[in-house]
Amino acid sequence: MRADALIESFNGALAEEITYLRNEGGRPLVVLDGVLVYRGQEGFLYSFDLEVDTFLLDGTPVRLRYGSRETRGEVVTVRGSELTLALYENLGELLERAEVFCEPWFLLAALQERLLDVPERNLRMALAVLEKVPARRRRHVSPSAAAGAQEEALRLAGEREITFIWGPPGTGKTETLARIAKLFSEQGGRVLILSHANVAVDGAVLRAAARIGAPARSGLVARYGWARLPELRQSGLLASSLAAAGCPELRERLKELEDERGELLAGLRAGRPRGERLTEVERALRDLRARLKEAAARVCRAARVVGCTLSTAAVDPVIYMDHYDFVLVDEASMAYIPQVFFAAS
């Protein structure tokens, strides 16, 4: 099939999925103790406490239901158990309990755009990933022989443009991926590690960093985006952590402002009168976070091995506007086929 016809087919299927997600809305996320932080050009900024740990990308479209009222908006940020939303309507100073319906269809809409923007020079590789591969005779590999199979996978990855590696759980696929990342980085190439889930990306990045052996502070390996595993968050490999370490004055100021913001919000929830200081603090925090985000982007651009989710790769120009010599997709069978096509481009 020609590339333009295939992309048109992909985007048609994604459009159907987007329509379904827009109409379905998904299960609600319960948020508590909402406080109107300030009224700005982007809408009415509210801070909520989360009932459960949640990951939402900044900019995710949402619907919020409060009693019989409903409005739309988007995610500003998630910090620990706090969710900040910019809503289109003012629902009052305090919202005791509300329901948030997240609308991840925008991730698929971004993927549609990326597919239309695939560079002509990269289409051959993307199409080749979807071609049928010659069937190889299946053979049983005992646990004692698994190391030899990993060596074979490493050799094939070094020799071929495209390599598929399959194995049941516990056979060392992630470890093999880490060794492949090390091989390619030692050849001087830039490596992008992708997967459908944050947990999978975290595990692959941790393994790759351990194999490569460079200290986290070197910035040789970086995890871009939100990390699910505590080990990754504590490893120093997060691009945001590396950025903060390189800007100690911004990091200290951010902590001061976040502490002050927490005290001001607690005061509002306790019934204290609103002042202008909370608005000032929120604007200062927004500026600091933007500066730290740009610093994290610089970390990624300098890293030799970068890991993120397939969704982040499609929505964030820090990833999709950069250049990589090698792309490794972990748990590829769990991803949408258009995502794999995009990753190969």
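Quantities reported herein were computed from a predicted structural model and do not represent experimental measurements.

A. Broad picture of the overall build of the protein chain. Along the backbone of the protein chain there are 13 helices and ten strands. Against the 2.2 N^0.38 benchmark of 20 Å for 345 residues, the protein chain shows a C-alpha radius of gyration of 22 Å, consistent with a compact globule. The principal-axis extents of the C-alpha atoms in the protein chain amount to approximately 70 × 45 × 40 Å. Counting all 345 residues of the protein chain, 43% fall into the buried class. The contacts of the protein chain with a sequence gap of at least 6 include a subset with a gap of at least 24, amounting to 70%. Surface accessibility of the protein chain: about 18,800 Å² in total, with carbon and sulfur atoms responsible for 51%.

B. The arrangement of the sheet that holds strand β7 (residues 191-195) in detail. Here we have four strands laid out as an open sheet, ordered β8-β9-β7-β10, and parallel in their pairing. Each edge of the open sheet is held by one strand with a lone partner, namely β8 (221-223) and β10 (326-329). The mean angle between the axes of side-by-side strands here comes to 20°, regardless of whether they run parallel or antiparallel.

C. The arrangement of the state of the cysteines in detail. Counting across every chain of the model gives zero disulfides. The cysteine C247 is free of any disulfide, with C300 supplying the nearest cysteine sulfur at 14 Å.

D. A look at the packing of aromatic side chains. Across all of its chains, the model carries three aromatic pairs by this definition. With a centroid separation of 5.5 Å and 65° between ring planes, the pair formed by F10 and F341 is classed as edge-to-face. Placement of the pair is F10 in helix α1 (residues 3-24) and F341 in helix α13 (residues 337-344), with a sequence separation of 331 residues. For F10, a relative accessible area of 10% puts it in the buried group. For F341, a relative accessible area of 0% translates into the label buried. With centroids separated by 6.0 Å and ring planes inclined at 25°, the aromatic side chains of Y46 and F48 adopt a geometry described as stacked. Assigned by exposure class, Y46 and F48 land together as buried. A cation over a ring is seen here: R63 above F101, with NZ or CZ 4.6 Å from the ring centre.

E. Inspection of the nonpolar core at higher detail. Judged by nonpolar contacts, the single largest core of 51 residues is most densely connected at L115, Y224, V306, I319 and F341. In terms of residues, this core owes the most to one element, helix α10 (residues 277-302), which gives nine residues. In this structure, Y224 is in contact with A239, K293, C300, V306, G307, C308, T312, D316, V318 and I319, ignoring residues within four places of it in sequence. Judged by nonpolar contacts, the second largest core, of 22 residues, contains A178, A208, V221 and L232.

F. Fine view of the packing of helix α4 (residues 146-159) against helix α5 (residues 173-186). Contact geometry for α4 and α5: axes closest at 10 Å, N-to-C directions at 35°. Judged by the twist between their axes, the crossing of α4 over α5 is right-handed. Residues Q150, E151, A153, L154, A157 and G158 of α4 form the contact with α5, whose own contacting residues are T176, R179, I180, L183 and F184. Split by residue class, the contact of α4 with α5 holds six nonpolar, three polar and two charged.

G. Examining the environment of L32 more closely. Tracing the backbone through its elements, the reader meets L32 in strand β1 (residues 29-40). Along the primary structure L32 and V141 are separated by 109 residues, whereas in three dimensions their C-alpha atoms are 53 Å apart. In this view, L32 contacts F48, D49, L95, E96 and R97; residues no more than four positions away in its chain are not counted.

H. Inspection of α13 at higher detail. Among the eight residues in α13, seven count as buried, and that is most of the element. If you check which residues of α13 are buried, you get P338, Q339, V340, F341, F342, A343 and A344.

I. The arrangement of the side chain of N198 in detail. The residue N198 is located in helix α6 (residues 198-212) in this model. Not counting chain neighbours up to four residues away, the residues in contact with N198 comprise F55, R223, W226, R228 and T309.

Calculation criteria
- Residues numbered from 1 in each chain as written.
- Predicted model: local features only at pLDDT ≥ 70, side-chain atom pairs only at ≥ 80, totals over all residues.
- Heavy atoms only, no water.
- Helix = DSSP H or I, 4+ residues; strand = E, 2+ residues; numbered from the N terminus.
- Rg over C-alpha atoms; globule rule 2.2 N^0.38 Å.
- Buried < 20%, exposed > 50% of the residue type's maximum accessible area, 1.4 Å probe, protein only.
- Contact = heavy atoms within 4.5 Å.
- Areas by Shrake-Rupley, 256 points an atom, 1.4 Å probe, with all protein chains shown as cover.
- Pairing = 2+ DSSP bridges.
- Axes fitted to C-alpha atoms, helices over the stretch in contact; angles between N-to-C directions.
- Disulfide = S-S within 2.5 Å.
- Phe/Tyr/Trp six-rings, centres within 6.5 Å; stacked < 30°, edge-to-face > 60°.
- Lys NZ or Arg CZ within 6 Å of the ring centre and 35° of its normal.
- Core = buried A, V, L, I, M, F, W, Y, C linked by side-chain atoms within 4.5 Å.
- Left-handed = near helix turned anticlockwise from the far one by under 90°.
- Nonpolar A, V, L, I, M, F, W, Y, C, P; charged D, E, K, R; others polar.

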